[in-house]
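Spelled out from the first residue to the last, the chains are:
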Amino acid sequence: ENAPLLGEVARKLLSSLEITVETRPQAQPRLAYRSDTPYDAMQYIPAGEFLMGDPEGHDDTKPVQHVFLAEFFIDRYEVTNAQYKLFNPSHRYPKGKDWFPVVNITWEEAQAYADWVGKRLPTEAEWEKAARGEDGHLYPWGNQFNASRCNTEESRNRGLTAVTQYPGGKSPFHVEDLFGNVLEWTADYYRPYPGSQYTSPDFQEGFIGLRGSPWIHQGSVANCATRSYAPADNRSNFIGFRCVKDVE
């Protein structure tokens, strides 16, 4: 069975990777979000049950269970450099990368952005439902991995891509880029599922749950039930985020 991407095995892997970690100037976020259309570029996820977990996956994805969630909206795309710069004018990124996902953002910075736009980070369950649909597909598009539908190591892009580059990878709820490009911060600490018999010292470390599959990893060895995690202050060039909003 595959270990969690940022678990014991992944720590050894990460030490061998060339990870871009930038020193950020003190953020000077704007005080108020002034959009009259907060639901722009968001997709509606209806209330109801969905299948969460993977019976063939790592033990931290078990037991498989039917989970009921209230209705919510989720960003159609990962938060981009251009969007994040509106929040933090000191944010720097390469020219021509406006529509690329923002990376090198800590969990608290992602939460601060979400608060600014009147949203929040998704729970692991909300992220998984948005990605898999109500029928529990392993990938947003179905049950078989397809490198042409996402930006993973198999895609050979060797870097980030625009959030709009893989429309064929959208989920049943028309949410895009959920698998591939970047891992995404969630609102949850990494903990065992209810009813799980699996134990790990990492449950006690205050790690934050991550979902998806990044451009540097093989997508074929993961799916939308795969759980990853990282320290809250982690800055990596393969971790980004998207937001959700409750239905008012």
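Each value, and the rule that gives it
- Residues numbered from 1 in each chain as written.
- Predicted model: local features only at pLDDT ≥ 70, side-chain atom pairs only at ≥ 80, totals over all residues.
- Heavy atoms only, no water.
- Helix = DSSP H or I, 4+ residues; strand = E, 2+ residues; numbered from the N terminus.
- Buried < 20%, exposed > 50% of the residue type's maximum accessible area, 1.4 Å probe, protein only.
- Contact = heavy atoms within 4.5 Å.
- Areas by Shrake-Rupley, 256 points an atom, 1.4 Å probe, with all protein chains shown as cover.
- Salt bridge = Lys/Arg side-chain N within 4 Å of Asp/Glu carboxyl O.
- Pairing = 2+ DSSP bridges.
- Axes fitted to C-alpha atoms, helices over the stretch in contact; angles between N-to-C directions.

**Digging into the overall build of the chain**
Move 1: A tally of regular secondary structure across the chain gives 4 helices and 9 strands.
Move 2: Counting from the amino terminus, helix and strand elements in the chain follow one another as α-β-β-β-β-α-α-α-β-β-β-β-β.
Move 3: The buried share of the chain, reckoned over its 248 residues, is 52%.
Move 4: Considering only contacts within the chain whose residues lie at least 6 apart along the sequence, 74% involve residues at least 24 apart.
Move 5: Taken as a whole, the chain presents about 11,600 Å² of accessible surface, with 49% of it coming from carbon and sulfur.

**Let's talk about the pattern of salt bridges**
Move 1: Counted by the stated rule, this structure contains 13 salt bridges.
Move 2: Two residues, arginine 120 and aspartate 246, come together in a salt bridge whose shortest N-O distance is 2.7 Å. Placement of the pair is arginine 120 in the loop between helix H3 (107-116) and helix H4 (124-132) and aspartate 246 in strand S9 (residues 244-246), with a sequence separation of 126 residues.
Move 3: The class for arginine 120 is partly exposed, based on a relative accessible area of 23%.
Move 4: Note on aspartate 246: relative accessible area 40%, which makes it partly exposed.
Move 5: For arginine 211, the salt bridge is made with glutamate 128, and the minimal N-O distance between the two is 2.9 Å. Of the two residues, arginine 211 is situated in strand S6 (residues 208-211) and glutamate 128 in helix H4; the sequence distance between them amounts to 83 residues.

**Brief notes about the environment of glutamine 111**
Move 1: The topology assignment puts glutamine 111 in helix H3.
Move 2: Here glutamine 111 falls in the partly exposed class, since its relative accessible area comes to 27%.
Move 3: Once the C-alpha coordinates of glutamine 111 and cysteine 243 are considered, the two residues, 132 residues apart in sequence, prove to be 8.9 Å apart.

**Looking at H4**
Move 1: H4 sits mainly inside the fold: 9 of its 9 residues count as buried.
Move 2: Buried within H4 we find Glu124, Ala125, Glu126, Trp127, Glu128, Lys129, Ala130, Ala131 and Arg132.
Move 3: At the exit of H4 stands glycine 133, carrying a positive phi of roughly 80 degrees.

**Topic: the sheet that holds S9**
Move 1: Judged by pairing direction, the sheet is antiparallel, and its 3 strands sit side by side in the order S1-S4-S9 without closing on themselves. The open sheet has two edge strands with one neighbour each: strand S1 (42-45) and S9. Strand-to-strand twist in this sheet, taken as the mean axis angle between neighbours without regard to direction, amounts to 25 degrees.
Move 2: Taken together, the 3 bridges between strand S4 (residues 72-75) and S9 define a ladder with antiparallel strand orientation. Bridged to phenylalanine 73 within S9 is lysine 245.

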